[in-house]
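Below, each chain spelled out in residue letters.
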Amino acid sequence: MTDSRYNVIIIGGGVVGLGVALEVTGRFPHLRLLVIEKEDRVARHQSGHNSGVIHSGVYYKPGSMKARLCVSGAAAMVEFCREHAIAHNVCGKVIVASHSDELARLEELRQRGDANGLTGLRLIGPEELREIEPHANGVRALVVPSTGVTDYAKVCEKYAELISSRGGTVRTSTVATGIRRLANEIVVETSQGAFSAGALINCAGLFSDRISRMAGDDPGVMIVPFRGEYYDLTPERASLVRALIYPVPDPRFPFLGVHFTRRVTGKVDAGPNAVFALAREGYRHSDISVRDLAASLAFPGFWRMARQHWRNAIEEYRRSLSKPMFVRALQRLLPEIGEGDLIPGGSGVRAQAVKPDGTLVDDFQFFASGKVLHVLNVPSPAATASLVIGKTIVQMAADSLELS
Ligand SMILES: Cc1cc2nc3c(=O)[nH]c(=O)nc-3n(C[C@H](O)[C@H](O)[C@H](O)COP(=O)(O)OP(=O)(O)OC[C@H]3O[C@@H](n4cnc5c(N)ncnc54)[C@H](O)[C@@H]3O)c2cc1C
């Protein structure tokens, strides 16, 4: 084999692509593997711009891939962090009902969590809530002890280091620009030349639908970017939050509602909201990509989604543009918080697959086409579940791409 020929190529150096690559190098050490990442280092997009939460699996529909892979993935992530000395903390969290009209949904979450095999879930009243989170306010809360926090950028760096130490190659600053399918191999054209392989796995996150089309496949969905914006609590007020305080989520959306997260660094952030981003990598309001925007607006599913969710979208935009409104949403959970306690924080952009009928794809979605496997919808909790997503995808690839 020449230097440009591999057995497997993975496009995307985020937590999912690297999770898959780690599994390939562990399970098939004799295969030549290449990860192609367009940025100058791994985890530059979703995987390095998230809340850092090791989700427990309480939210997801029993039997769904999200539920199965999150519960086992969380345990695997905690073990991975422990083994490789990556900062993490299984601090638990509280999901707080601020109103009696949220109680039925809170109870539903408890039942989901039980059905998904979580242990230690407990519904508590306001007094016990105040023992756990002295400044939180609610009529009832669900305690989820297995939730934790870590730093997924650090996790990705460790995945990449292990992949390299096992003989795999992670090429950064290499943009995949074209894909040709030949009789016995797939050629990936990149900014650094062409590479070929017997099998290709598309883990391109916010661009996974475009890579899928590049490979000649119809993804059947469009990736719509939703920015999540954070505020940080000032260091003097970070003590208002001990661990993680979440609201009861609106079941119509895949997003969890603005919440408080104490990160492994001790910094506490508030957010993220969910606003339609005008560029797939649009981290600020001013980031606009004509190509990305035109693609979203030309997609019929976008308009159908907008028709279904316009009220909520306007609310999210208003909260994004108005700090007092953002603060009011947070005060439901933490009445003492004020505008002066928050300073602008970072942001991340979620890759959310939307169907032509406007439905937001809820579960993880992967599909194989010939010797190519596309990972099309891996929103939260995919960072948590990345090790077991890696195992699942490599098993699919072993079956349908005949990796051996
Ligand atoms: C605001 C926010 C908060 C979140 N919070 C959590 C959380 O607390 N817990 C959790 O489990 N999950 C969370 N998530 C979800 C989690 O971060 C994602 O599910 C996960 O990072 C997806 O990983 P990925 O590898 O698919 O995508 P990415 O990390 O986006 O990686 C895709 C990579 O593909 C590369 N790429 C794209 N096109 C090309 C190309 N043409 N050539 C080469 N490379 C290319 C990109 O540069 C990128 O690095 C959150 C996400 C966001 C945005």
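I will try to describe carefully the structure that is included in this document. Everything numeric in this text was worked out from a predicted model, so none of it was measured.

A word on the overall build of the protein
Item 1. Counting its secondary structure elements, the protein contains 10 helices and 20 strands.
Item 2. Taking 2.2 N^0.38 as the reference for a compact globule, 404 residues should give roughly 22 Å; the C-alpha atoms of the protein span a radius of gyration of 21 Å, in line with that estimate.
Item 3. Seen along its three principal axes, the alpha-carbon backbone of the protein occupies a region of about 65 × 45 × 40 Å.
Item 4. Nonlocal contacts in the protein, meaning residues at least 24 apart in sequence, comprise 73% of its contacts between residues at least 6 apart.
Item 5. When the accessible surface of the protein is summed, it comes to about 16,600 Å², and 52% of that surface belongs to carbon and sulfur atoms.
Item 6. Across the protein, the mean location of the 47 positive side-chain charges is 2 Å away from that of the 42 negative side-chain charges.

Considering the layout of surface pockets
Item 1. In this model, the second largest pocket occupies a volume close to 1,000 Å³.
Item 2. Along its surface, the second largest pocket is lined by 39 residues, and D250, F253, N312, E316 and R319 are the ones closest to its centre.
Item 3. Among the secondary structure elements, those contributing two or more residues to the lining of the second largest pocket are β17 (275-276), α8 (300-321) and α9 (323-331).
Item 4. Among the elements that line the lining of the second largest pocket, the one with the most residues is α8, at 14 residues.

Remarks on the pattern of salt bridges
Item 1. Scanning the model with the defined rule gives 23 salt bridges in all.
Item 2. Between K391 and E23 there is a salt bridge, with the nearest N and O atoms lying 3.2 Å from each other. Of this pair, K391 sits in helix α10 (residues 386-400) while E23 sits in helix α1 (residues 15-27), and the two are 368 residues apart along the sequence.
Item 3. Residue R319 is joined to E316 by a salt bridge in which the shortest nitrogen-to-oxygen separation is 3.5 Å. One end of the pair, R319, and the other, E316, are both in helix α8, three residues apart, so they sit about a helical turn from each other.
Item 4. According to the relative accessible area criterion, R319 is buried, its value standing at 18%.
Item 5. One connected set of salt bridges, linked through shared partners, spans K38, E39 and E281.

With respect to the pairing of strand β15 (residues 259-262)
Item 1. Here strand β14 (residues 244-247) pairs with β15 via two bridges, running antiparallel. Considered in β15, the bridge of L244 is made with T261.
Item 2. Counted between consecutive antiparallel strands, the loop separating β15 from strand β16 (residues 268-271) contains five residues, among which G266 sits at a positive phi close to 95°.

Side note on the site of the ligand
Item 1. Around the ligand lies a shell of 39 residues, among which E37, S47, V53, V378 and T384 are the nearest.
Item 2. With respect to the ligand, the side chain of Q46 contributes an N or O atom lying 3.1 Å from an oxygen atom.
Item 3. Side-chain polar atom of T384 to an oxygen atom of the ligand: 2.7 Å apart, as the coordinates give it.
Item 4. Protein contacts shield 97% of the accessible area of the ligand, which totals 1,000 Å² for the unbound molecule.
Item 5. Of all the elements in the fold, those that place two or more residues in the shell around the ligand are α1 and β18 (342-354).
Item 6. Classifying every residue of the shell around the ligand by side-chain character gives 18 nonpolar, 17 polar and four charged.

About the cut-offs
- Residues numbered from 1 in each chain as written.
- Predicted model: local features only at pLDDT ≥ 70, side-chain atom pairs only at ≥ 80, totals over all residues.
- Heavy atoms only, no water.
- Helix = DSSP H or I, 4+ residues; strand = E, 2+ residues; numbered from the N terminus.
- Rg over C-alpha atoms; globule rule 2.2 N^0.38 Å.
- Contact = heavy atoms within 4.5 Å.
- Areas by Shrake-Rupley, 256 points an atom, 1.4 Å probe, with all protein chains shown as cover.
- Lys, Arg positive; Asp, Glu negative; His and termini not counted.
- Charge placed at Lys NZ, Arg CZ, Asp CG, Glu CD.
- 1 Å grid on protein atoms, 1.4 Å probe; cavity = no way out; pocket = protein on both sides within 12 Å on 5 of 7 lines; lining within 4 Å.
- Points joined across faces, edges and corners; volume = space filled by probe spheres on them.
- Salt bridge = Lys/Arg side-chain N within 4 Å of Asp/Glu carboxyl O.
- Buried < 20%, exposed > 50% of the residue type's maximum accessible area, 1.4 Å probe, protein only.
- Pairing = 2+ DSSP bridges.
- Near = heavy atom within 4 Å.
- Polar contact = N/O pair within 3.5 Å; in protein donor to acceptor, adjacent residues only side chain to side chain.
- Nonpolar A, V, L, I, M, F, W, Y, C, P; charged D, E, K, R; others polar.

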